[in-house]
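Geometric and topological summary
What follows is the residue order along each chain.
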Amino acid sequence: MTRKATGPERSRGEKGAEVRGWLDEVWGRTEAAVVLEGGDNGGPLSERGLIGEVFDAEGLAELRALTTTGTFIEGICRCFGSVTIALLDAEGEFIGAGSVHGLTDVSWERRRFWNNLEVADPEGLVGFLERYGVRMR
């Protein structure tokens, strides 16, 4: 997996603080999360296969910590990612999505931010997803 983007993608990337502000806002409105087939090339979220669901408050809090804690690499991975974590509001509308890259990164709204988050606890994220029925290894 190539870690840093170069050229146009690199210059378009948002700083980690800007992405964190967005993450705080969107997670504050999140009522559920679903894990969907495919990464950034998987097509519209509403047309993808569902492979995991998180509705309980404890599960959402754990998923939030696992997918928002870490270091932004100020670039993107060149792969499309394996699965997508999509966040839903109280009306069941998609309000944000992040693709999982390798077993270490989450790219939140990749086309918007161009900045992968290298998660602080990759084993924890993989274990969490597997507990919710998502095969990662």
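Everything below is about the structure shown above.
Nothing here was measured: the structure is a model prediction, and the numbers come from that model.

Looking at the side chain of Thr84
With respect to the helices and strands, Thr84 occurs in strand β4 (residues 83-88). What makes Thr84 buried here is its relative accessible area of 3%. At 2.8 Å, the side chain of Thr84 and the side chain of Arg48 are in polar contact. Residues within four places of Thr84 in sequence aside, it is in contact with Val34, Val35, Leu36, Gly38, Gly39, Leu45, Arg48, Ala97, Gly98 and Ser99.

Describing the pairing of strand β5 (residues 94-101)
The element β5 is largely enclosed, with a buried count of seven among its eight residues. Relative to β5, β4 runs antiparallel, the two sharing five bridges. Following the sheet pairing, Ile85 is matched in β5 by Gly98. Counted along the chain from β4 to the antiparallel partner β5, the turn is five residues long, and its residue Gly92 has a positive phi close to 80°. Judged from the four bridges that link them, β5 and strand β6 (residues 105-108) form a sheet pairing that is antiparallel. Note that in β6 the partner of Val100 across the bridge is Val106. As consecutive antiparallel partners, β5 and β6 are separated by three residues, and within that stretch Gly102 has a phi angle of approximately 60°, a positive value.

Description of the environment of Gly43
Inspection of the secondary structure puts Gly43 in the loop between β1 (32-37) and β2 (50-54). Judged by its relative accessible area of 39%, Gly43 falls in the partly exposed class. C-alpha separation for the pair Gly43 and Asp121, spaced 78 residues apart in sequence, amounts to 28 Å.

Regarding the pairing of β4
Regular strands show a simple pattern: their side chains alternate between the two faces of the sheet. With respect to burial, β4 is a largely interior element, six of its six residues being buried. The alternating pattern of β4 places Val83, Ile85 and Leu87 on one face and Thr84, Ala86 and Leu88 on the opposite face, and all of these are buried. Summarising the sheet, β1 and β4 pair through six bridges and their orientation is antiparallel. Bridge assignment links Leu36 to a residue of β4, and that residue is Thr84.

So, the packing of aromatic side chains
What the rule picks out here adds up to four aromatic pairs. Counting every residue linked through ring pairs, the aromatic cluster contains Trp22, Trp27, Trp108 and Phe113.

Observations concerning the sheet that holds β2
Spatially, the seven strands line up as an open sheet ordered β2-β1-β4-β5-β6-β7-β3, and their pairing is antiparallel. The strands lining the two open edges of the sheet, one partner per strand, are β2 and β3 (70-72). The mean angle between the axes of side-by-side strands here comes to 25°, regardless of whether they run parallel or antiparallel. Sheet topology note: the β3/strand β7 (residues 117-119) ladder contains three bridges and is antiparallel. Considered in β7, the bridge of Thr71 is made with Glu118. Lying on the sheet, helix α5 (residues 122-131) is in contact with β1, β2, β4, β5, β6 and β7; it crosses β7 at an angle near 85°.

Re the environment of Val83
Position of Val83 among the secondary structure elements: in strand β4. On the accessibility criterion, Val83 (6% relative accessible area) is buried. Residues in contact with Val83, not counting those within four places in the same chain, are Val35, Leu36, Gly38, Gly39, Ile51, Gly98, Ser99, Val100, Val134 and Met136.

Definitions and limits used
Residues numbered from 1 in each chain as written. Predicted model: local features only at pLDDT ≥ 70, side-chain atom pairs only at ≥ 80, totals over all residues. Heavy atoms only, no water. Helix = DSSP H or I, 4+ residues; strand = E, 2+ residues; numbered from the N terminus. Buried < 20%, exposed > 50% of the residue type's maximum accessible area, 1.4 Å probe, protein only. Polar contact = N/O pair within 3.5 Å; in protein donor to acceptor, adjacent residues only side chain to side chain. Contact = heavy atoms within 4.5 Å. Pairing = 2+ DSSP bridges. Phe/Tyr/Trp six-rings, centres within 6.5 Å; stacked < 30°, edge-to-face > 60°. Axes fitted to C-alpha atoms, helices over the stretch in contact; angles between N-to-C directions.

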